[in-house]
Amino acid sequence: MTDVWVTRAVGIVVGVAADAVWGDPKQHHPVAWFGTYASTVEPHLYADDRAHGTAYVAATVAPVALAGLALERATRRHPVAHVAVTALSTWAVLGARSLAREGEILAGHLEAGDLDAARGRLGHLCGRDPSNLDEPELARAAVESMAENTADAVVASLFWGAVAGVPGMLAHRAINTLDAMVGHRNERYARFGTAAARLDDAADYLPARITGVLACALAPLVGGDPRRAWRTMRRDADQHPSPNGGWCESAWAGALGVQLGGTNVYFSRTEERPLLGDGPRPDARALRKAARLVTAVTAAATTLAAACLVRRSRRTRASIVEE
């Protein structure tokens, strides 16, 4: 009998290793394919109300989840195939190496004093208007994006992969992509994007808190104090407008000993965010530490997911023996 929990654990570990070695696929990225599909569907279902937005989410996410379910069922009795499908899915949905790498590249531009290059690179991490940002604001934007995306594009994928296998990973990545596409509080998407935004918040609720706890625990790896990071996260997390983002950003702020938050200028709006953490604004050095923390949290989350699956396997075997 195939132990699906063990093969799932092995597949997740192999997929994370593949991301660490190769990063995102250079061409024909599955997430880009999904984005193209979702963009094609949107004009057919768009209307300025929440009902049509809900139908849009169902029409785009359901085929992805069903495809993942079919792959899971077709391979779960074949260990090698199940490991391979799980590994490929993990690699496709994960963004850990690219996230850390972008932080390192931007830090290099800041260290060289090339603000124009840094401003040009910021768009790889977030959607803020970089035209008037100086070094601390560029570094802050990057650190905040890396912290939040560690939950969205790393820990949540591993969490749902451990809980629900391939369909869980693929469905989560589809939901997260939809939120990035239509989950905006602007004139076009304020109502149509509500379902995508709230579903993404629900899917990331536990992963965001796991991310924050792991970042606090791993603070010593970046020269931080885990107790300070924990106090900062517990104090500041709920001040953030996002139900999830504050847990990640405040944990990074506490682990790095910097202050995040402030005025965020986007191309179509300006937002005032509460201050998170105590200390100076981040610089290139803090940005490099933030990138290392992304990698450390990824490794810890992978270990945790695999350990939970192995434990579940042992409990399942023990219950079978008892019967």
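Structural notes, computed from the coordinates. (Residues numbered from 1 in each chain as written. Predicted model: local features only at pLDDT ≥ 70, side-chain atom pairs only at ≥ 80, totals over all residues. Heavy atoms only, no water.)

**Digging into empty space enclosed by the protein**
Alright, step 1. For the coordinates displayed, the defined rule picks out one cavity of 30 Å³ or more.
Alright, step 2. Volume-wise, the largest cavity comes out at about 40 Å³.
Alright, step 3. Lining the largest cavity are Glu144, His240, Pro241, Glu249, Gly261, Asn264, Arg273, Pro274 and Leu276.
Alright, step 4. Breaking the lining of the largest cavity down by element, the ones donating at least two residues are β1 (260-265) and β2 (270-276).
Alright, step 5. Per-element tally for the lining of the largest cavity: the top contributor is β2, with three residues. (1 Å grid on protein atoms, 1.4 Å probe; cavity = no way out; pocket = protein on both sides within 12 Å on 5 of 7 lines; lining within 4 Å. Points joined across faces, edges and corners; volume = space filled by probe spheres on them. Helix = DSSP H or I, 4+ residues; strand = E, 2+ residues; numbered from the N terminus.)

**Re the pairing of β2**
Alright, step 1. Note: β1 against β2, five bridges, orientation antiparallel. Bridging across to β2, valine 265 finds its partner in threonine 270.
Alright, step 2. Where β1 folds back on β2, the antiparallel hairpin that results is connected by four residues. (Pairing = 2+ DSSP bridges.)

**What about the environment of glutamate 135?**
Alright, step 1. Looking at where glutamate 135 falls in the secondary structure, it is placed in helix α7 (residues 135-182).
Alright, step 2. As for glutamate 135 and alanine 17, which are separated by 118 residues in sequence, their C-alpha atoms are 33 Å apart.
Alright, step 3. Other than its neighbours up to four places away in sequence, glutamate 135 contacts Leu110, Leu115, Pro282, Asp283 and Ala284.
Alright, step 4. From its side chain, glutamate 135 meets the backbone nitrogen of alanine 284 in a polar contact 3.4 Å long. (Contact = heavy atoms within 4.5 Å. Polar contact = N/O pair within 3.5 Å; in protein donor to acceptor, adjacent residues only side chain to side chain.)

**Digging into the packing of aromatic side chains**
Alright, step 1. A complete count under the given rule lists six aromatic pairs for this structure.
Alright, step 2. Considering the side-chain rings of phenylalanine 159 and tryptophan 160, the 5.1 Å spacing of their centres and the 90 degrees angle between planes classify their relative orientation as edge-to-face.
Alright, step 3. Judged by centre distance (6.3 Å) and plane angle (35 degrees), the ring pair of tyrosine 189 and phenylalanine 192 falls under tilted. Taken as a pair, tyrosine 189 and phenylalanine 192 share a single burial class, namely buried.
Alright, step 4. What links up through ring pairs into an aromatic cluster is the set Tyr46, Tyr56, Tyr189 and Phe192.
Alright, step 5. Between arginine 188 and the ring centre of tyrosine 46, over which it is positioned, the NZ or CZ distance is 3.9 Å.
Alright, step 6. A cation over a ring is seen here: arginine 209 above tyrosine 205, with NZ or CZ 3.6 Å from the ring centre. (Phe/Tyr/Trp six-rings, centres within 6.5 Å; stacked < 30°, edge-to-face > 60°. Buried < 20%, exposed > 50% of the residue type's maximum accessible area, 1.4 Å probe, protein only. Lys NZ or Arg CZ within 6 Å of the ring centre and 35° of its normal.)

**Describing the state of the cysteines**
Alright, step 1. Inspection of every chain in the model, using the stated rule, returns zero disulfides.
Alright, step 2. Of all cysteine sulfurs in the structure, the one in cysteine 216 sits closest to cysteine 248, which takes part in no disulfide; the separation is 10 Å.
Alright, step 3. Under the relative-accessibility criterion, cysteine 248 is labelled buried at 1%. (Disulfide = S-S within 2.5 Å.)

**Points about the packing of helix α9 (residues 205-217) against helix α11 (residues 245-256)**
Alright, step 1. Contact geometry for α9 and α11: axes closest at 8 Å, N-to-C directions at 5 degrees. By the angle class used here, α9 and α11 are roughly parallel. Residue-level contacts link Ala208, Arg209, Thr211, Gly212, Ala215 and Cys216 of α9 to Trp247, Cys248, Ala251, Trp252 and Ala255 of α11.
Alright, step 2. Split into classes, the residues belonging to the contact of α9 with α11 amount to eight nonpolar, two polar and one charged. (Axes fitted to C-alpha atoms, helices over the stretch in contact; angles between N-to-C directions. Parallel < 35°, antiparallel > 145°, perpendicular 65-115°, else oblique. Nonpolar A, V, L, I, M, F, W, Y, C, P; charged D, E, K, R; others polar.)

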